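Commentary on secondary and tertiary structure
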Amino acid sequence: SQTIHQWPATLVQPVGSPLSLECTVEGTSNPNLYWYRQAAGRGLQLLFYSVGIGQISSEVPQNLSASRPQDRQFILSSKKLLLSDSGFYLCAWEEGSETQYFGPGTRLLVL
Amino acid sequence: QKEVEQDPGPLSVPEGAIVSLNCTYSNSAFQYFMWYRQYSRKGPELLMYTYSSGNKEDGRFTAQVDKSSKYISLFIRDSQPSDSATYLCAIMTAAGNKLTFGGGTRVLVKP
């Protein structure tokens, strides 16, 4: 069966510091991968998606970037965090272009 | 106008009652319809997935899609306190690669 991992689970970072969040998927090959952000009490906003190694599509202009160095690894990064980057970051993988399954999420607080 | 509208709630019901949730959407190109359950500080969990008009039942859960009215519903029978969570509708076009989410409805089932 497929499993999706995210780490860290919680992160507190100062403004201006760098960020690296990692997502890995097990039990599937060449999945579509997604990064979402969920602000407190709000819906999910799609940030990036990837259909293969090195292929990244950005949905909204922002202070973040994404990379996919391996088939089942998806990384979300920032060079300098802003207060507005605080939120709950979710990675998801897609099966058959019909449904998406989410990881446990990373809660980021920028102070 | 948002592509997917969902009442934020909270929706409070007594244990054993039927919970009725719904979303409306504006884009007739949407073909795949999902409901996710999200507990506090957790990633969304896929509950129901359907791609056709009509009803789909899974245990205590029934998903209903009316494409002519652009209206989807989720019913939870015999609600339990463990059903207390935020429920998110999500919709995708046939082209895939992008889920559009409603803002979520918070549900409280009181013992």
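Attention here is on the structure that accompanies the text. (Residues numbered from 1 in each chain as written. Chains lettered and ligands numbered in written order. Predicted model: local features only at pLDDT ≥ 70, side-chain atom pairs only at ≥ 80, totals over all residues. Heavy atoms only, no water.)

1. As for the interface of chain B and chain A
In this assembly, 19 residues from chain B lie in contact with 23 residues from chain A. Summed over the shared surface of chain B and chain A, the result is 1 salt bridge. Counting every contact that joins chain B to chain A gives 3 residue pairs in polar contact (both at pLDDT 80 or more). In terms of residue count, strand β4 (residues 30–38) of chain B provides more of the side of chain B that touches chain A than any other element does, 4 residues in total. Classifying every residue of the side of chain B that touches chain A gives 10 nonpolar, 6 polar and 3 charged. (Contact = heavy atoms within 4.5 Å. Salt bridge = Lys/Arg side-chain N within 4 Å of Asp/Glu carboxyl O. Polar contact = N/O pair within 3.5 Å; in protein donor to acceptor, adjacent residues only side chain to side chain. Helix = DSSP H or I, 4+ residues; strand = E, 2+ residues; numbered from the N terminus. Nonpolar A, V, L, I, M, F, W, Y, C, P; charged D, E, K, R; others polar.)

2. Some thoughts on the pattern of salt bridges
Tallying each qualifying case throughout the model produces 6 salt bridges over all chains. The partner of A:Arg68 in a salt bridge is A:Asp71, and the shortest N-O contact between them spans 3.3 Å. Ionic pairing is found between B:Arg60 and B:Asp83, a salt bridge with its closest N-O pair at 2.8 Å. Here B:Asp83 lies in the loop between β8 (71–76) and β9 (85–93) and B:Arg60 lies in the loop between β6 (54–58) and β7 (61–66), a separation of 23 residues in the sequence. B:Arg60 gets classed as partly exposed once you look at its relative accessible area, which sits at 25%. (Buried < 20%, exposed > 50% of the residue type's maximum accessible area, 1.4 Å probe, protein only.)

3. Considering the sheet that holds strand β7 (residues 65–70) of chain A
Strand pairs in the sheet, formed through backbone hydrogen bonds, run parallel or antiparallel to each other. All names here are of chain A. Taken together, 4 strands build an open sheet; the order of strands is β1-β3-β8-β7 and the sheet is antiparallel. Edge positions in the sheet fall to β1 (3–7) and β7, since each has one partner strand and no second. Within this sheet the neighbouring strands show an average axis-to-axis angle of 20°, counted without direction. Relative to strand β3 (residues 19–26), β1 is paired through 5 bridges, and the arrangement is antiparallel. Residue Ile4 lies in a different strand from β3, and its bridge partner there is Val25. (Pairing = 2+ DSSP bridges. Axes fitted to C-alpha atoms, helices over the stretch in contact; angles between N-to-C directions.)

4. Points about the nonpolar core
By size, the foremost hydrophobic cluster in this structure holds 23 residues, and its most contacted members are B:Trp35, B:Ile72, B:Leu74 and B:Tyr87. When residues of this core are traced back to their parent elements, those giving at least two are β3 (19–25), β4, β5 (45–50), β7, β8, β9 and β11 (105–110) of chain B. Ignoring anything within four residues of it in the chain, the contact list for B:Tyr87 reads B:Gln6, B:Leu21, B:Tyr36, B:Arg37, B:Leu47, B:Leu74, B:Ile76, B:Gly104, B:Thr105 and B:Val107. Judged by nonpolar contacts, the second largest core, of 20 residues, contains A:Leu21, A:Leu64, A:Leu76 and A:Cys91. (Core = buried A, V, L, I, M, F, W, Y, C linked by side-chain atoms within 4.5 Å.)

5. Digging into the packing of aromatic side chains
Tallying each qualifying case throughout the model produces 14 aromatic pairs over all chains. When the ring of B:Tyr32 is compared with that of B:Tyr51, the centres are 6.4 Å apart and the planes differ by 70°; the resulting orientation is edge-to-face. Here the residue B:Tyr32 occupies a position in strand β4, and B:Tyr51 occupies one in the loop between β5 and β6, the gap between them amounting to 19 residues. Given a relative accessible area of 15%, B:Tyr32 falls into the buried group. Summarising the aromatic geometry, the rings of B:Tyr36 and B:Phe101 are spaced 5.8 Å apart at their centres and angled 45° between planes, so their arrangement reads as tilted. Taken together, the residues span a long stretch of sequence, with B:Tyr36 in strand β4 and B:Phe101 in strand β10 (residues 99–101) at a distance of 65 residues. Pair check on accessibility: B:Tyr36 and B:Phe101 agree, each one buried. By the ring-pair criterion, three or more aromatic residues cluster together here, those being A:Tyr34, A:Tyr36, A:Tyr49, A:Phe102, B:Tyr36 and B:Phe101. Over the face of the ring belonging to A:Phe88 we find A:Arg107, whose NZ or CZ atom lies 4.3 Å from the ring centre. (Phe/Tyr/Trp six-rings, centres within 6.5 Å; stacked < 30°, edge-to-face > 60°. Lys NZ or Arg CZ within 6 Å of the ring centre and 35° of its normal.)

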